[in-house]
Amino acid sequence: MVGSGNLFLLSMLLTLFFSCSREKLKESMQDKIVFSKDVFNKIPNEKKEFFLDSLEDRLKFEKNDTITRNLYLQISEEYFYLNNFKKSLKTSKQCLELSKNGSDSLRMAKSLYYIGDCYEDSKKDSAYYYYLLAEKIYLKIGDYDDVGRMHFNKAYVLFYDSNYVECEVEVSKALKFLEGSNKIRLIYSCNTLMGNCLEKLFNYDDALKYHKLALKNLDQMKNRRLDVDEINNYSVSSVINICNLYDLKGDFSLSIKELNAVLTWKKRST
């Protein structure tokens with residue numbers, strides 16, 4: 001339960017949180033809710049769910065337009081980051097229905113994608129199904145980056161269901177759609193997953209090739225000045241994957257060489 005003092009504080013924060021913008025219409029004026037990520041991030045973690053609940057309650061009275069549907073997707077995303085998959089799922093399904101009613105293919109696809117994410121840990125067959133539905137819409141509207149993302153998501157589900165043959169097929173499709181894309185993080189993830197998949201299929205040489213491609217993706221990320229800590233963590237993970245493959249191939253000297261390079265780099269960076 002929330003005490004009276006906390007209610008007063010929360011009401012004050014809600015005033016800040018629910019910033020509104022005036023939109024001139026032909027016949028009237030309408031207030032639209034604007035989600036402020038900067039304000040939301042300043043709210044204590046234990047209060048964030050309350051704010052999301054409040055925001056969702058307000059949306060029930062809003063017109064079904066792209067702004068409202070985008071807000072539902074943002075709320076779903078934040079619930080997901082708070083590990084409240086039940087509320088994230090509920091909100092995504094609400095957005096899906098609104099998107100259907102509004103003939104909004106883009107947000108239908110994204111809602112399906114988010115629903116798949118909510119099922120990924122609990123019902124892998126359902127996650128795969130919703131990723132497939134999202135993929136079909138993304139393909140229809142020509143969003144090939146997200147077609148590639150859905151193939152990757154399906155491959156991820158298949159990998160952790162130990163279906164490595166089908167996983168390889170799906171990652172191959174993902175990489176095909178991502179040719180020439182600037183989604184370097186996603187391409188890195190695809191190459192890494194392909195390497196892990198091929199390792200499970202005992203195709204060590206090709207697995208090694210994909211993990212080395214993943215390292216090249218990290219070089220591209222460095223050139224774009226993306227998050228340094230993230231890149232460093234990925235680098236260590238990729239090198240470990242490569243060392244595991246060298247060990248499996250019996251190339252222990254190469255494995256030691258790669259590990260020594262990582263240890264030297266880690267010492268210099270601390």
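Residues numbered from 1 in each chain as written. Predicted model: local features only at pLDDT ≥ 70, side-chain atom pairs only at ≥ 80, totals over all residues. Heavy atoms only, no water.

Glancing now at the packing of helix α9 (residues 164-177) against helix α10 (residues 184-200). Packed helices, taken two at a time, are described by the angle their axes make and the gap between the axes. Put simply, α9 and α10 touch, their axes get as near as 9 Å, and they point 155 degrees apart. On the basis of their axis angle, the class for α9 and α10 is roughly antiparallel. As α9 packs across α10, the resulting crossing turns out to be left-handed. Here Y164, C167, E168, V171, S172, A174 and L175 of α9 lie close against α10, whose contacting residues are I187, C190, N191, L193, M194, C197, L198 and K200. Taken together, the residues that form the contact of α9 with α10 break down as 11 nonpolar, 2 polar and 2 charged. (Axes fitted to C-alpha atoms, helices over the stretch in contact; angles between N-to-C directions. Helix = DSSP H or I, 4+ residues; strand = E, 2+ residues; numbered from the N terminus. Parallel < 35°, antiparallel > 145°, perpendicular 65-115°, else oblique. Left-handed = near helix turned anticlockwise from the far one by under 90°. Contact = heavy atoms within 4.5 Å. Nonpolar A, V, L, I, M, F, W, Y, C, P; charged D, E, K, R; others polar.)

Okay, helix α11 (residues 204-223) next. Counted at 1.5 Å a residue, the expected span for α11 with its 20 residues is 28 Å, and the 29 Å between its end C-alpha atoms agrees. Looking at α11, one finds that the buried residues are Y204, A207, L208, Y210, H211, A214, N217, L218 and M221. Down the axis, α11 shows its buried residues gathered within 165 degrees of arc, on one side only. Along α11, the residues that are exposed and aim more than 90 degrees away from the buried face are D205, K216 and N223. (Expected span 1.5 Å × (residues − 1). Buried < 20%, exposed > 50% of the residue type's maximum accessible area, 1.4 Å probe, protein only. Arc of directions from axis to C-beta.)

Further remarks concern the layout of surface pockets. To find the voids left in a structure, one rolls a probe of water-molecule size over its atoms. In this structure, the largest pocket encloses a volume near 640 Å³. Lining the largest pocket are 29 residues, with Y81, Y113, Y114, D117 and R149 sitting closest to its centre. Elements supplying a minimum of two residues to the lining of the largest pocket: α4 (66-81), α6 (105-119), α7 (124-141), α8 (144-159) and α10. (1 Å grid on protein atoms, 1.4 Å probe; cavity = no way out; pocket = protein on both sides within 12 Å on 5 of 7 lines; lining within 4 Å. Points joined across faces, edges and corners; volume = space filled by probe spheres on them.)

Before going further, it helps to examine the environment of L198. With respect to the helices, strands and loops of the structure, L198 is situated in helix α10. On the basis of relative accessibility, which here comes to 3%, the residue L198 falls in the buried class. Sequence separation of L198 and E168 is 30 residues, and the distance between their C-alpha atoms is 7.4 Å. Other than its neighbours up to four places away in sequence, L198 contacts E168, N203, D206, A207 and Y210.

Further remarks concern the packing of α7 against α8. Axis separation between α7 and α8 bottoms out at 9 Å; the angle between their running directions is 165 degrees. Between α7 and α8, the angle falls in the class roughly antiparallel. The handedness of the crossing between α7 and α8 is left-handed. Side by side, α7 and α8 meet where K124, A127, Y128, Y131, L132, A134, E135, Y138 and L139 of the first sit next to Y144, D146, V147, M150, H151, N153, K154, V157 and L158 of the second. Taken together, the residues that form the contact of α7 with α8 break down as 12 nonpolar, 2 polar and 4 charged.

With the rule as written, the count across this model stands at 14 salt bridges. The residue D53 makes a salt bridge to K87 at a minimum N-O spacing of 3.0 Å. Here K87 lies in helix α5 (residues 85-101) and D53 lies in helix α3 (residues 45-59), a separation of 34 residues in the sequence. We note a salt bridge from E135 to K154, for which the minimum N-O separation is 2.6 Å. Residue E135 is found in helix α7, and its partner K154 is found in helix α8; the two are separated by 19 residues along the sequence. A single burial state applies to E135 and to K154, both of which are buried. Ionic contacts of the salt-bridge type, sharing partners, join the residues E49, D53 and K87 into one network. (Salt bridge = Lys/Arg side-chain N within 4 Å of Asp/Glu carboxyl O.)

With that settled, consider the side chain of S111. Tracing the backbone shows S111 in helix α6. Looking at S111, its side chain comes within polar contact range of the main-chain oxygen of R107, at 2.7 Å. Sequence-distant contacts of S111, that is, excluding residues within four places in its chain, are made with L73, S92, C95, L96 and S99. (Polar contact = N/O pair within 3.5 Å; in protein donor to acceptor, adjacent residues only side chain to side chain.)

Bringing the confidence of the model for the protein chain into the picture now. Detailed reading of the predicted model is not advised wherever pLDDT is low. In this model, the protein chain carries an average pLDDT of 86, and 85% of its residues clear a pLDDT of 70 or more. pLDDT under 50 marks residues 1-9. Its contacts with residues more than four places away, or in other chains, come to 2 contacts. Between residues 15-30, whose pLDDT stays under 50, and residues either more than four places distant or in other chains, the model counts 33 contacts. (pLDDT = per-residue confidence, 0-100.)

The next subject is the packing of aromatic side chains. When we look at a pair of aromatic rings, we describe it by the centre distance and by the angle of the planes. In total, this model carries 13 aromatic pairs according to the counting rule given. Judged by centre distance (5.9 Å) and plane angle (85 degrees), the ring pair of F50 and F51 falls under edge-to-face. Classification of F50 as partly exposed rests on a relative accessible area of 29%. Taking relative accessible area as the criterion, F51 reaches 0% and is therefore assigned buried. Pairing Y119 with Y130 gives two aromatic rings, centres 5.8 Å apart and planes at 20 degrees, and the pair type is stacked. Here Y130 lies in helix α7 and Y119 lies in helix α6, a separation of 11 residues in the sequence. Both residues of the pair, Y119 and Y130, belong to the buried class. (Phe/Tyr/Trp six-rings, centres within 6.5 Å; stacked < 30°, edge-to-face > 60°.)

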